Amino acid sequence: MTSDAISGNGARRDSIDQRQHVIQACYDHDVKFIRLWFTDILGILKSVAITIEELEHALDDGVTFDGASIEGFARVDEADVVAVPDPSTFQLLPWRPREQAVARMFCDLRSPLGEPFEGDSRQVLKDAIERAAKEGFTFYVSPEIEFFYFRGPDGTEPLDAGGYFDLTPLDSGSDLRRETVLTLEEMGIGVALSHHEAAPSQHEIDLRYTDALTMADSIMTYRLVVKEVALRHGAYATFMPKPSSDQNGSGMHLQLSLFRGEQNAFADESAPHELSATARSFMAGLLQHTPELMLVTNQWANSYRRIVPGFEAPTHATWSSTNHADLLRVPQHKPGEAAAARIEYRVPDAACNPYLAFAAILEAGLGGVARALPLPDELERHIGELSEGEIASRGIEALPASLGDAIAAFSGSELMTGVLGDHIRDSLVANKRHEWSEFRAQVSEFELRRYLSVL
């Protein structure tokens, strides 16, 4: 028997074992409903619920639904899509009743013929991970996810007047964060830390390092848990990138690293910042390609309200080891602990589709590695201190300043077409052009205050 056959049999045994584990766990925990989760191309969580009586059929054959009704999924004449549960993602939902409990599983999407569905963003990430694996790499991510608590969904009245790292009584959201952390950990999602952020009623919870696919699933769960806990306490949580014009926006800074087996491929104790040649070329790839991928990492018109000077958000493709307004930052770690070497990518916000974002980031970085791109010099000054001439002479590229700019950069990108495929690329561009057209037609409160009484 060949090694491939042995490997295939092992994979089938694992699948059968996971399937039996899910069925047994449902009976052990009195599960009545199982929610099958997936996302549309915008990263909006979708769900179809089945009962325990339908579980075995769903595990075997999936659940068919009308893909034409989901954003960017399918045309009317090719509507059927099959959601196939991934048993490894089975978890109870702690905020639902314990009797006749509710569980969830993420799904992979298939055509009725069993082929991967071209509109499945989770599959896009799995494909990118598989390509990285062929180069010997595993992609790890740890996100720092910011959000706001408000009194309700119709306004921006904060719950507190706290600031960075403030504790009670100024930080009235600490109990909400505590319950959120406990809920996440009950669902198997590791939390590194949580704290109050810089703006009133702004908070951050950081998730522990894990592989990119597990982390993308965790971010989708995280966003729902944050909102569910807030609602239980009569508050509203939002991941809108910039809800208040005079306060910092909410980002999702990503700690990134590549591993070869057990070895951190970003680590080199003899190199500056203990960053290997692989890490430096990965960074160079991100610096070069970020304008093309921001339609994925920063996909909303409001995302670009955050990316403005003066609010610790990157506006140019620069890197440093100290400045928190650069696109890439190299976090410090203890000398001799090169295994902790990593880079921080600071442009994304948590309102993105994490599957597409991680796939785009991975491919952009690996493109730099494949071409051994040289890393530009570190920017040792704040970008705001440089003149336009200095920026031009250093070859520093400005990042897209609006959704319209991001659409233009994305539309002509061969890299993004290769990562996402024609179907998702075309659907995303069409959706975002429509959003940008609507956004440009709006008259803002600023314009009314500024012009109405004087023009």
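Parameters and conventions
- Residue positions within a chain follow its written sequence, with the count starting from 1.
- This being a predicted model, a pLDDT of at least 70 is required before a residue's local features are given, and a value of 80 or more before pairs of side-chain atoms are given or counted; all residues contribute to the totals for chains, interfaces and linings.
- The basis for every side-chain value is the complete set of non-hydrogen atoms in the structure, without hydrogens or water.
- Only buried Ala, Val, Leu, Ile, Met, Phe, Trp, Tyr and Cys residues count toward a nonpolar core, and they belong to the same one when joined by side-chain atoms within 4.5 Å.
- Partly exposed describes any residue whose relative accessible area lies between the buried limit of under 20% and the exposed limit of over 50%, with all areas from a 1.4 Å probe on protein chains only and scaled to the type maximum.
- Secondary structure elements are taken from DSSP: a helix is a run of H or I of four residues or more, a strand is a run of E of two residues or more, and numbering for both begins at the N terminus.
- By the convention used here, residues are in contact when the closest approach between their heavy atoms is within 4.5 Å.
- Note: two strands are recorded as paired if DSSP finds a minimum of 2 bridges between them.
- Axis definition: a line fit to C-alpha positions, over the contact stretch in the case of helices; interaxial angles, taken between N-to-C directions, run 0 to 180 degrees.
- Roughly parallel means an angle under 35 degrees; roughly antiparallel means over 145; roughly perpendicular covers 65 to 115; every other angle is labelled oblique.
- Put simply, a crossing is left-handed when the front helix is turned counterclockwise from the back one by less than a right angle, and right-handed when it is turned clockwise.
- Polar here means any residue other than Ala, Val, Leu, Ile, Met, Phe, Trp, Tyr, Cys and Pro, which are nonpolar, and Asp, Glu, Lys and Arg, which are charged; Gly is therefore polar.
- What a helix should span is 1.5 Å times the count of its residues minus one.
- Each residue is assigned a bend, namely the angle between axes fitted to the seven residues that terminate at it and the seven residues that start at it.
- Nonpolar side chains (Val, Leu, Ile, Met, Phe, Trp, Tyr) are joined into patches within 5 Å and like charges within 9 Å, using only residues with over 30% relative accessible area and no salt bridge.
- Each accessible area value is a Shrake-Rupley result obtained with a 1.4 Å probe; residue values ignore everything except the protein chains displayed when judging cover.
- Salt bridges are defined as contacts in which a side-chain nitrogen from Lys or Arg sits within 4 Å of a carboxyl oxygen from Asp or Glu.
- Here a cavity denotes a set of grid points, spaced 1 Å apart and computed over the protein atoms alone, in which a 1.4 Å probe fits but from which it cannot get out, and a pocket denotes an open set meeting protein on both sides within 12 Å along at least five of seven lines; residues with an atom within 4 Å of a point are reported as lining.
- Grid points are joined across faces, edges and corners, and a volume is the space filled by probe spheres set on the points.

Quick question: what am I supposed to make of the nonpolar core here?
Across soluble globular proteins, nonpolar side chains have a tendency to be buried as a group. Among the nonpolar cores identified, the biggest contains 95 residues, and F139, L256, F282, Y345 and F358 are the most heavily contacted of them. The element that contributes the greatest number of residues to this core is helix α5 (residues 212–232), accounting for 11 residues. Excluding residues within four positions of it along the chain, F282 makes contact with F139, L256, L258, F266, I343, I361, L362, G365, L366 and V369. Judged by nonpolar contacts, the second largest core, of 25 residues, contains I23, I34, I52 and F90.

Mind showing me how you'd approach the pairing of strand β7 (residues 138–150) here?
Within a regular beta strand, the side chains point alternately toward one face of the sheet and then the other, so they alternate between its two faces. In terms of burial, β7 is largely enclosed, as 11 of its 13 residues are buried. As paired elements, β7 and strand β12 (residues 252–260) share eight bridges and run antiparallel to each other. What sits directly across from V141, in β12, is L256. When β7 meets strand β10 (residues 210–211), the two strands line up antiparallel, connected through two bridges. Looking across to β10, one finds that V141 is bridged to T210. Where β7 and strand β9 (residues 202–207) come together, five bridges link them in antiparallel fashion. Its bridge partner being in β9, F148 is matched across the sheet by Q202. Of the strand pairs in this sheet, β7 and strand β11 (residues 236–238) are connected by three bridges, and their pairing is antiparallel.

Sorry if this is basic, but what is going on with the packing of helix α4 (residues 174–186) against α5 here?
A pair of packed helices can be characterised by two numbers: the angle between their axes and the separation between those axes. Packing of α4 against α5 brings their axes to within 9 Å, and their N-to-C directions diverge by 135°. The pairing of α4 with α5 is recorded here as oblique in orientation. Two packed elements cross with a definite hand, and for α4 against α5 that hand is right-handed. Facing α4, whose interface residues are L176, E179, T180, T183 and L184, α5 presents Y222, V225, V226, V229, A230 and R232. For the contact of α4 with α5, the class distribution of residues is seven nonpolar, two polar and two charged.

Quick question: what am I supposed to make of helix α6 (residues 277–297) here?
Each α-helix winds once per 3.6 residues, and so residues spaced three or four apart point in a common direction. In a regular helix each residue adds 1.5 Å, so 21 residues correspond to 30 Å; α6 covers only 25 Å between its end C-alpha atoms and thus falls short of that length. Maximal helix bending in α6 amounts to about 70°, located at T290; proline P291 follows within four positions. With 17 of its 21 residues buried, α6 lies for the most part within the structure.

Sorry if this is basic, but what is going on with a nonpolar patch on the surface here?
Together, F446, Y451, V454 and L455 make up an exposed nonpolar region whose accessible area comes to about 470 Å². Summarising the element assignment, Y451 is placed in helix α12 (residues 445–451).

When you look at the packing of helix α8 (residues 354–370) against helix α11 (residues 414–440) in this model, what are you seeing that I'm missing?
One way to put it is that α8 packs onto α11 with a least axis distance of 8 Å and a crossing angle of 145°. On the side of α8, the interface is formed by L356, A359, A360, E363 and A364, while α11 contributes L415, M416, V419, L420 and I424. Of the residues assigned to the contact of α8 with α11, the class counts are nine nonpolar, no polar and one charged.

For this particular structure, what's the right way to read the layout of surface pockets?
To find the voids left in a structure, one rolls a probe of water-molecule size over its atoms. As a volume, the largest pocket reaches approximately 650 Å³. Along the wall of the largest pocket there are 20 residues; nearest its centre are S245, R305, F439, S444 and F446. Put simply, the parts of the chain that give the lining of the largest pocket at least two residues each are α7 (303–306), α11 and α12. Sort the elements by how many residues they give to the lining of the largest pocket and α12 lands first, with four residues. Class assignment for the residues of the lining of the largest pocket results in nine nonpolar, five polar and six charged. Size it by volume and the second largest pocket reaches roughly 530 Å³. Elements represented by at least two residues in the lining of the second largest pocket include exactly β7, β8 (191–196), β9 and β12. Broken down by class, the residue content of the lining of the second largest pocket amounts to 10 nonpolar, nine polar and 12 charged.

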